[in-house]
Amino acid sequence: MNIDGVVIEDTYAEAFSMYVSRLVITAASRRWALTAAESLTGFATSVIGCGCEAGIDPGALDETPDGRPGVAVLVFGMSRRALEQQLVARVGQSVMTAPTTACFDGLPGAGERLAVGAKLRFFGDGFQISKRLDAALFAADGRGHRRFWRIPVMDGEFVVDDRVGVQKGVGGGNFLIVAEGVEAGLASAERASDAIRRTPGVIAPFPGGVVRSGSKVGSRYKFLTASTNSAYCPTLRRLVPTVLEAGDGAVFEVVIDGVDAAAVEAAMRAGIRAAIGPGVRRISAGNYGGKLGAFTFPLRPLFAETRTPSAAENRTTAVGDKRMAAAAEDHTPAADQKRTAAASASKGRQS
Amino acid sequence: MIRLRLREANRVPLEAEVITPDRLGPLLAAEIERLPVYYGNKAHPLAEHFEVAVDGAGEAADGGPTVVVEGPTGRVKRLGEQMSRGRLVVAGDAGMHAGAEMTGGELIVEGNADDWAGAQMAGGLLWIKGRAGNRAGSTYRGSKVGMTGGVLVVGGDAGHEVGGYMRRGLVVVLGNTQDFAGARMVAGTVLVLGQGGLRAGAGLRRGTVVVAGGVPEVLPTFRETCVYRPGFLAVYARTLRARGLPVPEGVLEGRPFRRLGGDLAELGKGELLLGG
């Protein structure tokens, strides 16, 4: 397949199940809501090194629980426990500390909840106040009561929901831009990143939405589980096994996490379309033979008029979902470590 | 839907605790007509005082039955008492104890409600569109526990001791209240959008009493801490509006309130938030 002179390789991106929470951060002005959101989502490029992946949700935020300017963020983790730890740490250090902010659950319909305000409340040193909005006020949407905490801080009170919703999401959707050189590749990646930022329900967690240090599983050093993806390094072409061809000067990867497979697919489609342009030679994607990821996103069908998932894709998805669900129920530290290692192998990238 | 129409105004109060969606929902019209109501100290069949009509329409939001009570019901006591589901609409006024001890469902009083409306309620929504009498959402004499849950909304003014002894729940009065609003609360929230009376929050241990229109005087056992804009009140206001309740914009949100901690004669962890 060739779109405007750019080859779309016959391959697929491999992604896996993650847990996702959505927070709505409000403040006296959008400036401070955004400041808190950017701080919360900082250093959250990969679960491998950062504990979670996070970004600002580009979806429209028509109104907020307290009517003030707000920003929504998506935070992804490999297990509910790991995600909860990250949320408590990040809301506590990046939102509660930011002037005038409040933090609310952005997934009120989710069946499962993580304790965030319930743990942060202790900062109030006994002066925190709980407020409970009775279930009778939410009769129309059938959800239960809503509890939040008012924690006294130096500019008044920090209001934070007791619990926030969590649901299954999809992490690790990706595509690779193979370009003639850094300038063309970077311009292409920036266009892709901008397009993804306009797609609701997804984040591109790496800096600016782009990765230049893709990794392979394993290393010649025993202490390292992943190392540079030598097959894609232009400076190593013809010195090591490579996938690069003559004239391939730079490769950039775009990684996408989404609230569901449809959101990731929509973001990949929008991103790849935007990436196509002068100096781009082909678009590829990262996968591991369908053995590790729960989801597969073949590139070419993204641009077919109607896309029918292949039998293999459906099978992979179903099996992967069960495996990830079973693994996610186990919250022992050993299980967490195992999951992170699996993610590391599956994603094959870290800075 | 079950429709009950009071045949004529009664001079002696009628006690009709059987009129709840829970009790009436499963019954046929003839069975409803035989239910006892007390006229003075005598048990009468309900049909002696009410016309009964039943049709299949009008399921409430929670899947329970809908009951509509019409006629001059200002002296019909205990309507919706202990109801747990469904929807009860009183098309006119309600006598004493409307919605007392209710645990769920919706009770809508289109007119006024007499004393003890929603007393000791534990869940559900009681919306009185007119005025409420004394001790709305409060406790019965001798009991230490008032509301333990649910939402009571009064569209007009309310009498004395609104929300007294509350443990949990929400009382919203869109008009003014008389004395002792939120007295001896242990937790929960009382929102008065108009003016309060004397001794608001007296004996408050925990909990929040908000009087947007201010009070004539504050007990000396409350200590003023600051003037600030409580963000959580905007959450309340928006949630109430989203539920269809008529909370005007700008009364609770985006404006300064004096915060007073107290009652220091008790535990002192409660708060009075006073506008005006």
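Computed from a predicted model, the values in this text were never measured in an experiment.

1. Looking at the overall build of chain B
- The secondary structure content of chain B amounts to 3 helices and 17 strands.
- At 19 Å, chain B has a C-alpha radius of gyration in line with the 19 Å of a compact globule built from 276 residues.
- For chain B, the spread of C-alpha atoms along the principal axes amounts to about 60 × 35 × 25 Å.
- Out of the 276 residues in chain B, the part that is buried amounts to 56%.
- Restricting to contacts in chain B with at least 6 residues of sequence separation, those with at least 24 account for 41%.
- As presented, chain B carries roughly 10700 Å² of accessible surface, and 47% of it is formed by carbon and sulfur atoms.
- Each charge class in chain B can be summarised by its mean position, and for the 32 positive and 29 negative side chains these summaries are 7 Å apart.

2. Notes on the sheet that holds strand β2 (residues 14-15) of chain B
All names here are of chain B.
- Strand order in the open sheet made by the 4 strands is β4-β3-β2-β7, with mixed pairing throughout. At either end of the open sheet lies a strand with only one pairing partner, and these are β4 (42-45) and β7 (76-77).
- Sheet analysis places β2 next to β7, joined by 2 bridges and oriented parallel. Its bridge partner lying in β7, E15 is registered against K77.

3. Brief notes about the environment of R5 of chain B
Residues and elements named next belong to chain B.
- Mapping R5 onto the fold places it in strand β1 (residues 2-6).
- Its relative accessible area of 39% is what places R5 among the partly exposed residues.
- Residues R5 and E51, 46 residues apart in the sequence, show an inter-C-alpha distance of 5.0 Å.
- Each residue touching R5, except ones within four places of it in the same chain, is listed here: H49, F50, E51, E70 and G71.

4. Some thoughts on the packing of helix α5 (residues 182-197) of chain A against helix α6 (residues 261-275) of chain A
Residues and elements named next belong to chain A.
- The contact between α5 and α6 brings their axes to 7 Å, and the two run at 145°. In the packing of α5 onto α6, the handedness of the crossing is right-handed. Residues S188, R191, A192, A195 and I196 of α5 lie in contact with α6, whose contacting residues are A267, A270, G271, A274 and A275.
- Split by residue class, the contact of α5 with α6 holds 7 nonpolar, 2 polar and 1 charged.

5. Things to note about α6 of chain A
- The terminal C-alpha atoms of α6 of chain A lie 21 Å apart, and with 15 residues this matches the ideal 21 Å at 1.5 Å per residue to within 8%.
- Within α6 of chain A, the full set of buried residues consists of A263, V264, E265, A267, M268, G271, I272 and A275 of chain A.

6. Thoughts on the pairing of strand β11 (residues 163-179) of chain A
All names here are of chain A.
- For β11, the tally of buried residues reaches 14 of 17 residues, placing the bulk of the element in the interior.
- Of the strand pairs in this sheet, strand β3 (residues 12-26) and β11 are connected by 5 bridges, and their pairing is antiparallel. Paired with Y19 across the strands is K168, a residue of β11.
- One ladder, built from 4 bridges, connects strand β7 (residues 112-115) with β11; its direction is antiparallel. Of the residues in β11, the one forming a bridge with R113 is G165.
- Strand direction decides the pairing type here: β11 and strand β15 (residues 250-258), joined by 8 bridges, are antiparallel. Residue pairing in the sheet places V178 in a bridge with V251 of β15.
- With 4 bridges connecting them, β11 and strand β16 (residues 280-284) associate as antiparallel partners. Pairing of A179 across the sheet is with V280, part of β16.

7. Concerning the confidence of the model for chain A
Residues and elements named next belong to chain A.
- Of the residues in chain A, 85% reach a pLDDT of 70 or more, and the chain-wide mean stands at 87.
- Long-range and interchain partners of residues 306-339, a stretch whose pLDDT sits below 50, account for 47 contacts in this model, where long-range means more than four residues apart.
- Scored below 50 in pLDDT, residues 345-351 shows 31 contacts in the model against residues more than four places distant or in partner chains.

8. Description of the nonpolar core
- Counting 55 residues, the largest nonpolar core has L4, I19, L46, F50, L107, L126 and I128 of chain B as the members making the most contacts within it.
- Considering every element that reaches this core, the biggest residue donor is β1 of chain B, with 3 residues.
- Among the nonpolar cores identified, the runner-up in size contains 42 residues, and V6, A192, I256 and M268 of chain A belong to it.

9. As for the interface of chain A and chain B
- Taken together, the contacts link 21 residues of chain A with 25 residues of chain B.
- When chain A packs against chain B, the two sides together hide about 1800 Å² of surface, and 61% of this comes from carbon and sulfur.
- As a salt-bridge pair, E63 of chain A and R238 of chain B come within 3.8 Å of each other at their nearest N and O atoms.
- Seen at the junction of chain A and chain B, the total is 9 residue pairs in polar contact (both at pLDDT 80 or more).
- Elements supplying a minimum of two residues to the side of chain A that touches chain B: β8 (129-133), β9 (146-153) and β10 (156-161) of chain A.
- It is β8 of chain A that contributes the most residues to the side of chain A that touches chain B, 4 residues altogether.
- A per-class count over the side of chain A that touches chain B returns 10 nonpolar, 4 polar and 7 charged.

10. Thoughts on the pairing of strand β5 (residues 70-77) of chain A
Residue and element names in this part refer to chain A.
- By the criterion of burial, β5 is predominantly enclosed, with 8 of the 8 residues buried.
- On β5, burial covers both faces: G70, A72, L74 and F76 on one face and V71, V73, V75 and G77 on the other are all buried.
- Bridge count for β3 against β5 is 8 bridges, and the pairing is antiparallel. Bridging across to β5, Y19 finds its partner in G77.
- Pairing geometry for strand β4 (residues 53-56) and β5, over 4 bridges, is antiparallel.

11. Looking at the packing of aromatic side chains
- Applying the stated criterion to the full structure yields 4 aromatic pairs over all chains.
- A ring pair is formed by F232 of chain B and Y236 of chain B, whose centres lie 5.9 Å apart and whose planes are at 80°; its orientation type is edge-to-face. Residue F232 of chain B and its partner Y236 of chain B are located together in helix α3 (residues 231-242), separated by 4 residues, close to a single helical turn. Take F232 of chain B and Y236 of chain B: they sit in the same class, and that class is buried.
- Feature note: the residues F148 of chain A together with F232 and Y236 of chain B constitute an aromatic cluster, connected by ring pairs.
- Its guanidinium or amino end placed over the ring of W127 of chain B, K129 of chain B lies 4.6 Å from that ring's centre, counting from NZ or CZ.
- One residue, R255 of chain B, lies across the ring of F257 of chain B, its end atom 4.9 Å from the ring centre.

Procedures and definitions
Residues numbered from 1 in each chain as written. Chains lettered and ligands numbered in written order. Predicted model: local features only at pLDDT ≥ 70, side-chain atom pairs only at ≥ 80, totals over all residues. Heavy atoms only, no water. Helix = DSSP H or I, 4+ residues; strand = E, 2+ residues; numbered from the N terminus. Rg over C-alpha atoms; globule rule 2.2 N^0.38 Å. Buried < 20%, exposed > 50% of the residue type's maximum accessible area, 1.4 Å probe, protein only. Contact = heavy atoms within 4.5 Å. Areas by Shrake-Rupley, 256 points an atom, 1.4 Å probe, with all protein chains shown as cover. Lys, Arg positive; Asp, Glu negative; His and termini not counted. Charge placed at Lys NZ, Arg CZ, Asp CG, Glu CD. Pairing = 2+ DSSP bridges. Axes fitted to C-alpha atoms, helices over the stretch in contact; angles between N-to-C directions. Left-handed = near helix turned anticlockwise from the far one by under 90°. Nonpolar A, V, L, I, M, F, W, Y, C, P; charged D, E, K, R; others polar. Expected span 1.5 Å × (residues − 1). pLDDT = per-residue confidence, 0-100. Core = buried A, V, L, I, M, F, W, Y, C linked by side-chain atoms within 4.5 Å. Buried area = accessible area lost by both parts, 1.4 Å probe. Salt bridge = Lys/Arg side-chain N within 4 Å of Asp/Glu carboxyl O. Polar contact = N/O pair within 3.5 Å; in protein donor to acceptor, adjacent residues only side chain to side chain. Phe/Tyr/Trp six-rings, centres within 6.5 Å; stacked < 30°, edge-to-face > 60°. Lys NZ or Arg CZ within 6 Å of the ring centre and 35° of its normal.

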